[in-house]
Amino acid sequence: MFCRNIYVENFRNIESADVDFCEGTNVLIGENAQGKTNLLEAIYMTSLGKSFRQGSDKDVIKFDSEYCFIRNSYTDDTRDMEISMRIFPDRRAKLVEQNRVKIRRTSEIVGGFKIVLFCPEHLSIIKEGPAVRRNFLDVAISQIRPLYIRSLQRYNTILKERNALIRSAEENRELFNSTIDLFSDQLAREAAIITNYRMKYIEQLKGHVLKCFADMTGDREIPTLEYISSSKLYQEDCFDIKKCEDAYKSLFFGHHDREIAADSTLWGIHKDDLEINLNGNRARIFASQGQQRSLSLALKLSEGEIIREECGGDYPVFLFDDVLSELDSGRREYLLSNLKDKQVILTCCEKNNIHTDKLITVNNGVFI
């Protein structure tokens, strides 16, 4: 995977930029708030269809502009590809095209241009709450399993409708009784599919994380990963979609009074977690900050290795947003030593002896 060029108009502080990249290490250098991260954000959006920052799509449009436009020209194996995206401030939908053919749903581009993003927020993935780790899994799996994101979208839609029905149960018990089982049945099916995908992905992830962490620490410490089901499902059942679905049905069908009292669905994949342990202890609680950062780095590098395995040996594009300044010298050296045979686009304020195949200076939204 190789991003040849990114072209943007009216994207945050960037009025217009047309930036070519090489296949090795591309460094965007400049002071803070000059537009380095904004360019990475534009690249990211052509991969996942949305920003990695908080806010809505229209927030990326440059102030007082009528639209913003992004075009990513990249090479996938031997094919030259193009994804473009036009966003308007007064519309909810984006105009998305792949090779100049209109895409009906933005989610359909996911898995085309594959990336791994590593930014300062990811350094806290270990110590933050379960939602951060679920998002890590969702983004990683979506890029290699297109059906996963569709199942996740269906799950979230059904969950929203089921919760609305639960909240209205006291006022209209007849409607609740006649429809709740239909929503429960659909939710159980999607929950089983998503749980199965996550369990299989974690099995792939374990070996890569163990190796990365061993390389960083000299085999002194052993990390382990485990999927924690909020629904208390048996691990072996999570690998069998039918057994997993039946387990979810028993929960969704059998505890209506408790859910009505809580005004929401009490079980499901939206409450699950990826538990990361170090030497048998929960890393979130017992690991030092340095150990947590090593684990975060191992997770992101392992994400790239799994994409390579699933895509015939082709690495994704790695986007590193100002993480070098957050890492100590040992972890920084390890990260930089792992950039061979990969296209990397990274941002920094100072070059600091980074090997650079292409250096791009950024000043107030201008890229030189």
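Student: Go over the sheet that holds strand β13 (residues 344-348), please, and point to the residues and values.
Tutor: Strand order in this open sheet of 6 strands is β8-β12-β13-β3-β14-β15, and the pairing throughout is mixed. Both edges of this open sheet fall to β8 (115-118) and β15 (366-367), since each of them pairs with a single strand only. As judged from the 5 bridges shared by strand β3 (residues 25-29) and β13, these two strands associate in the parallel manner. Residue pairing across strands places Leu28 opposite Thr347, the latter belonging to β13. This element, helix α9 (residues 289-310), spans β8 and β12 (317-321) of the sheet and lies at about 175° to β8.

Student: Talk me through the sheet that holds strand β6 (residues 95-98); I want residue IDs and the actual numbers.
Tutor: In spatial order, the strands read β2-β1-β4-β5-β6-β7; together these 6 strands make up an open sheet with antiparallel pairing. Both outer strands of the open sheet, β2 (14-20) and β7 (101-102), are each paired with one neighbouring strand and no more. Bridge count between strand β5 (residues 79-87) and β6: 4 bridges; the pairing is antiparallel. The partner of Met85 across the bridge, within β6, is Val96.

Student: Tell me about the pattern of salt bridges, residues and numbers included.
Tutor: Tallying each qualifying case throughout the model produces 23 salt bridges. With its nearest N and O atoms 2.8 Å apart, the salt bridge here joins Arg133 to Asp273. Of this pair, Arg133 sits in helix α2 (residues 130-144) while Asp273 sits in strand β10 (residues 273-278); the two residues are 140 residues apart in sequence, bridging distant segments of the chain. Note on accessibility: Arg133 and Asp273 belong to one class, buried. Residue Lys211 pairs with Asp215 through a salt bridge whose shortest N-O separation is 3.1 Å. Taken together, the residues span about one helical turn, with Lys211 and Asp215 both in helix α4 (residues 173-217) at a distance of 4 residues. Exposure remark for Lys211: the relative accessible area of 54% places this residue in the exposed category. Its relative accessible area of 44% is what places Asp215 among the partly exposed residues. Each of Asp185, Arg189, Glu245 and Lys249 takes part in one network of salt bridges that share partners.

Student: A description of the pairing of strand β14 (residues 358-363) should follow, citing residues and the corresponding values.
Tutor: As a general feature of sheets, a regular strand has side chains that alternate between the two faces. Bridge count for β3 against β14 is 4 bridges, and the pairing is parallel. Residue Leu28 lies in a different strand from β14, and its bridge partner there is Ile360. Two strands pair when backbone bridges link them, and β14 and β15 are joined in this way by 2 bridges, in the antiparallel orientation. Directly across from Val362, in β15, lies its bridge partner Phe367. Hairpin connection from β14 to β15: 2 residues lie between these consecutive antiparallel strands, with Asn364 at a positive phi of about 55°.

Conventions and cut-offs
- Residues numbered from 1 in each chain as written.
- Predicted model: local features only at pLDDT ≥ 70, side-chain atom pairs only at ≥ 80, totals over all residues.
- Heavy atoms only, no water.
- Pairing = 2+ DSSP bridges.
- Helix = DSSP H or I, 4+ residues; strand = E, 2+ residues; numbered from the N terminus.
- Contact = heavy atoms within 4.5 Å.
- Axes fitted to C-alpha atoms, helices over the stretch in contact; angles between N-to-C directions.
- Salt bridge = Lys/Arg side-chain N within 4 Å of Asp/Glu carboxyl O.
- Buried < 20%, exposed > 50% of the residue type's maximum accessible area, 1.4 Å probe, protein only.

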